[in-house]
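Architecture at a glance
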Amino acid sequence: MHGGSFDVESKLSELAELRAQAARPDLWDDPDRATRLTRRLGRIERLINRVASMEKDLEDAVILVELAREEGDSETLEEVVRDLEATAARIAVLEEESLYFGEYDDHAALFSVHAGAGGIDAQDWAEMMVRMYVRYLTELGFDYEMEDLQPGEEAGIKSATLTVEGEHAYAILEAERGVHRLVRISPFDANSRRHTSFAGVDVVPLVEDAEVEVNRDDLRIDTYRSQGAGGQHVNTADSAVRLTHLPTGIVVACQAERSQLRNRNKAMSLLQAKLAEHARSRQQQDLDEIRGEQTEAAWGRQIRSYVLQPYQQIKDLRTGLETGNVQRVLDGGLGSLTESYLHWRRANRERQDRKDGKTF
């Protein structure tokens, strides 16, 4: 996919590669990977077939129009117009595919929410956000697993980390990366004053084949008891594992499994994904410096404001989209915000491509 077009050539190339991988005799040695591959293969085949079908419909329409004009057949012309309207609707649906042009858009995602500035209110806000996202993922039919959950001291949570799988999972969740600002009457303030609190979201694509070498001497490994929401123990053994990569300061934790070994292996996979994303970010920063551009950090710039008092409004500061239906969004109704972000992202890509002298 390049810019805002549906790149059929790249899809055909990917289709050939996927078919070659699906034909390998060891495909089902890794059932999870095989399932993802065959699912992706089926989806690309359906897209290519839809494009071929629409091309044939358009070719047939051209022939029918020419014949109808030669014979003065108004009835056939009207029929062709109806058929073209139906084809236009199918093209509009296919055009949505041009929103997913990123290299990792179809990957599963490592999704994290962290309480920011604002004390107890921020921790409560982080918990509200996790509830919002879990409901959104359920609406989308995505599979997710809570890998780590750190409760707050008095209320809410300090952080939560989920792995998410679904169609365009990374692209959809990328819309949430950044700082989220909440303004409301604090339920923790005896004087019922308005408070502003912040929570941050990070999202990393889970790249299956991107193995990152990790020097064990660069790791600090901590174990602790697994906990669920509200601080309830899942078990009484120190099965949860936290890995700290000392050179970068990247921290990951996993408590989803009851076995410490399995949690450690899962945490290592998550760390490799974060280190791969860190390397990609550093590379992008180097490219931006060559271009003479400044890269904005995810933290330090809010992407969305949620105002509950004195009025109710949610505004995405990137796309400009506003909605007064705050409760619907907090209940998981993020679809319009996601869609507006994806269109905004594509428009930015097209502008950058034009600036770089690329065509699409």
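Residues numbered from 1 in each chain as written. Predicted model: local features only at pLDDT ≥ 70, side-chain atom pairs only at ≥ 80, totals over all residues. Heavy atoms only, no water.

This part is about the sheet that holds strand S6 (residues 219–224). Spatial ordering of the open sheet is given by S6-S7-S8, a layout of three strands whose pairing is antiparallel. The sheet terminates laterally at S6 and strand S8 (250–254), the two strands that pair on one side only. Each strand of the sheet is rotated relative to its neighbour by a mean of 15°, with strand direction disregarded. (Pairing = 2+ DSSP bridges. Helix = DSSP H or I, 4+ residues; strand = E, 2+ residues; numbered from the N terminus. Axes fitted to C-alpha atoms, helices over the stretch in contact; angles between N-to-C directions.)

Time to look at helix H8 (residues 335–355). Helical geometry note: an α-helix holds 3.6 residues per turn, so side chains three or four residues apart project in the same direction. Taking 1.5 Å of rise per residue, 21 residues should cover 30 Å, and H8 covers 30 Å from first to last C-alpha, within 8% of that figure. For H8, the set of buried residues is Leu337, Thr338, Ser340, Tyr341, Leu342, Arg345, Arg346, Glu350 and Asp353. Looking one or two residues beyond H8, the residue adopting positive phi is Gly357, at roughly 80°. (Expected span 1.5 Å × (residues − 1). Buried < 20%, exposed > 50% of the residue type's maximum accessible area, 1.4 Å probe, protein only.)

Moving on, we get to the pattern of salt bridges. What the rule picks out here adds up to 22 salt bridges. The closest approach of N and O atoms between Arg345 and Asp105, which form a salt bridge, is 2.7 Å. Here the residue Arg345 occupies a position in helix H8, and Asp105 occupies one in the loop between helix H3 (74–95) and strand S1 (108–115), the gap between them amounting to 240 residues. The pair Arg345 / Asp105 is uniform in exposure class, with both members buried. In this structure, Asp121 and Arg184 form a salt bridge, with 3.2 Å as the shortest nitrogen-oxygen distance. Taken together, the residues Asp121 in helix H4 (residues 119–140) and Arg184 in strand S4 (residues 178–185) connect sequence positions 63 residues apart. (Salt bridge = Lys/Arg side-chain N within 4 Å of Asp/Glu carboxyl O.)

A separate point is helix H2 (residues 31–71). The end-to-end C-alpha separation of H2 is 59 Å, in line with the 60 Å expected for 41 residues at 1.5 Å each. Phi for Gly72, located one or two positions after H2, is positive at around 65°.

Among the six residues of strand S9 (residues 302–307), five are classified as buried, and the element is accordingly described as predominantly covered. In this structure, S4 lies alongside S9, joined through five bridges in parallel fashion. Bridge pairing in S9 places Val179 opposite Gln302. As paired strands, S9 and strand S10 (residues 313–316) are joined by four bridges and run antiparallel to one another. For Val307, the partnering residue across the bridge sits in S10 and is Gln313.

The next subject is the environment of Leu162. Note on placement: Leu162 falls in strand S3 (residues 157–165). A relative accessible area of 4% places Leu162 in the buried class. Each C-alpha atom of the pair Leu162 and Phe111 lies 5.1 Å from the other, and the pair is 51 residues apart in sequence.

Moving on to the sheet that holds strand S2 (residues 143–151). Spatially, eight strands are ordered S2-S3-S1-S5-S4-S9-S10-S11 in an open sheet, and the strand pairing comes out mixed. Across the chains shown, the open sheet's two edge strands, defined by having one partner strand only, are S2 and strand S11 (322–323). Those strands touched by H4 are S1, S2, S3, S4, strand S5 (194–206) and S9, and its axis lies near 45° from that of S5. (Contact = heavy atoms within 4.5 Å.)

Locating Ile250 in the fold gives a position in strand S8. You can call Ile250 buried: its relative accessible area is 13%. A C-alpha to C-alpha distance of 9.9 Å links Ile250 and Leu219, two positions 31 residues apart in sequence. Setting aside its immediate chain neighbours within four residues, Ile250 contacts Leu243, Thr244, His245, Leu271, Lys274, Leu275 and His278.

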